[in-house]
Amino acid sequence: MRVLGIETSCDETGIAVYDSEAGIIADVLHSQIKLHAQYGGVVPELASRDHVRKIIPLINKALEQAQLSKQDIDGVAYTRGPGLLGALLVGSSVGRSLAYAWDVPAIGVHHMEGHLLAPMLENEPPAFPFVALLVSGGHTQLISVKGIGQYALLGESIDDAAGEAFDKTAKMMGLPYPGGPELANLATKGKPGQFKLPRPMTDRPGLDFSFSGLKTAALTAWQQSEQTPQTQANLAYAFEEAVVETIAIKCRRALEQTQMKTLVIAGGVSANTRLRARLTELVKKYEAEVYYPRPEFCTDNGAMIAYAGTQRLLAGQQQDLDFSATARWPIESLDSTV
Ligand code: KG4
Ligand code: ZN
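A brief structural summary.

### Focus on the sheet that holds strand β7 (residues 140-147)
Turning to step 1, where the next piece is worked out: Taken in spatial order, the 5 strands of this open sheet run β8-β7-β6-β9-β10, and their pairing is mixed. Whereas interior strands pair on both sides, the edge strands pair on one side only; in this sheet they are β8 (150-156) and β10 (289-291). The mean angle between the axes of side-by-side strands here comes to 25°, regardless of whether they run parallel or antiparallel.
Turning to step 2, where the next piece is worked out: In the sheet, strand β6 (residues 130-135) pairs with β7 via 6 bridges, with the strands oriented antiparallel.

### Examining the packing of aromatic side chains
Turning to step 1, where the next piece is worked out: Applying the stated criterion across every chain yields a total of 4 aromatic pairs.
Turning to step 2, where the next piece is worked out: Both rings, one in F166 and one in F239, keep their centres 5.3 Å apart while their planes meet at 90°; by these two values the pair is edge-to-face. Of this pair, F166 sits in helix α5 (residues 162-172) while F239 sits in helix α8 (residues 229-258); the two residues are 73 residues apart in sequence, bridging distant segments of the chain. A single burial state applies to F166 and to F239, both of which are buried.
Turning to step 3, where the next piece is worked out: In this arrangement the basic side chain of R80 is found over the ring face of W329, its NZ or CZ atom lying 4.5 Å from the centre.
Turning to step 4, where the next piece is worked out: One cation-aromatic arrangement involves R274 over Y237; the distance from NZ or CZ to the ring centre is 4.0 Å.

### Overview of the coordination of the zinc ion (ligand 2)
Turning to step 1, where the next piece is worked out: The coordination sphere of the zinc ion (ligand 2) contains the protein donors H111 (NE2), H115 (NE2) and D300 (OD), at a distance range of 2.0 to 2.1 Å.
Turning to step 2, where the next piece is worked out: Counting along the primary sequence, the residues that act as donors to the zinc ion (ligand 2) give the motif H-x3-H-x184-D. Here H111 and its partner H115 are both found in helix α4 (residues 111-117), 4 residues apart, which amounts to about one turn of the helix. For the residue pair H111 and H115, the accessibility class agrees, reading buried in each case.

### Section: the state of the cysteines
Turning to step 1, where the next piece is worked out: By the definition in use, this model includes 0 disulfides.
Turning to step 2, where the next piece is worked out: Cysteine C251 shares no disulfide, and the gap to the nearest cysteine sulfur, in C298, comes to 14 Å.

### Some words on the site of ligand 1
Turning to step 1, where the next piece is worked out: Around ligand 1, the structure places 19 residues, and the nearest of them are H115, G137, D167, G268 and N272.
Turning to step 2, where the next piece is worked out: In this structure, G180 approaches ligand 1 through a main-chain N or O atom, which is 3.3 Å from an oxygen atom.
Turning to step 3, where the next piece is worked out: Interatomic distance of 3.0 Å between a side-chain N/O atom of N272 and a nitrogen atom of ligand 1.
Turning to step 4, where the next piece is worked out: Bound to the protein, ligand 1 loses 86% of the 550 Å² it would expose on its own.
Turning to step 5, where the next piece is worked out: Taken together, the residues of the shell around ligand 1 sort by class into 6 nonpolar, 11 polar and 2 charged.

Conventions adopted
- Residues numbered from 1 in each chain as written.
- Chains lettered and ligands numbered in written order.
- Predicted model: local features only at pLDDT ≥ 70, side-chain atom pairs only at ≥ 80, totals over all residues.
- Heavy atoms only, no water.
- Pairing = 2+ DSSP bridges.
- Helix = DSSP H or I, 4+ residues; strand = E, 2+ residues; numbered from the N terminus.
- Axes fitted to C-alpha atoms, helices over the stretch in contact; angles between N-to-C directions.
- Phe/Tyr/Trp six-rings, centres within 6.5 Å; stacked < 30°, edge-to-face > 60°.
- Buried < 20%, exposed > 50% of the residue type's maximum accessible area, 1.4 Å probe, protein only.
- Lys NZ or Arg CZ within 6 Å of the ring centre and 35° of its normal.
- Donors = N, O, S within 2.8 Å, 3.2 Å for Na, K, Ca; no water.
- Disulfide = S-S within 2.5 Å.
- Near = heavy atom within 4 Å.
- Polar contact = N/O pair within 3.5 Å; in protein donor to acceptor, adjacent residues only side chain to side chain.
- Areas by Shrake-Rupley, 256 points an atom, 1.4 Å probe, with all protein chains shown as cover.
- Nonpolar A, V, L, I, M, F, W, Y, C, P; charged D, E, K, R; others polar.

Set out below in structure tokens:
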């Protein structure tokens, strides 16, 4: 089965074709970074309009890359939520309409399920069950995963998501949008031990996160510092270290609590080198294994949507002729594929 995947939940138009025999056979992406950079963050209306401009040319490009024509596509998967409603509506309406025109089934995919299953696209995919750490711009969640659609939430952020905290901290330190990767890059030049920042909610039991206080502590530290390039790098280091350590503590607890031996990390922040290294170190102590997607499949992409959609279409699930998009959509409410 060959499925066209469409991702338009935020500031990336991602299109891919997944072949259930051959794997990903096309993957194209247009990032809106330049469009939003001058505003210091994503402007939802501009995002929607840009998806409208790019979606059809990118679908044509993906079909060309896969050396397929529209008759070769057996299903269409599009991100139905969560995300920016206007942006989601672009991919959902185009995806649903194309499936109708091509007379193939369509499926609305949960964006975070796409992230969660992205490691399945690698040569050595993880096996169920596993603990998933989803860390993106909008979500920070620990989930017990027993199969596709069998998700139990173990803990989540009660305020800012990890990526959001990276982005906001970067912005207040004067770094350009999107701040997360910029801050991570700057942190490599930082000296350890120059700033002391909290590890929020690690002093009490539980698997929830809170990053808003950490962001404020970083702001205060920045305001009270000399604000030289070196202090900026030192603070970036301390901030990244605080986020990474906090996440690692919660992942350790999740592995202990569930007794699972596999940890999967996904979502934009899983591209963070220090986080990957720390979690790789952590799992060794538990004789467990950690899996993550290749960097380009950590951040938003069409491939993860094509993959997740294919699994659901193969299980016989599909979307009615109507379509809808939803800004909020709890991942635990998804149906299982078995
Ligand atoms: O998954 P994603 O592309 O979009 C959402 O679904 O939100 O995640 C984007 C988030 C942004 O907050 C971005 O700053 C963060 O992931 N991010 C990073 C890194 N790369 C992307 N944060 C820290 N270190 C990175 N290397
Ligand atoms: Zn995402």
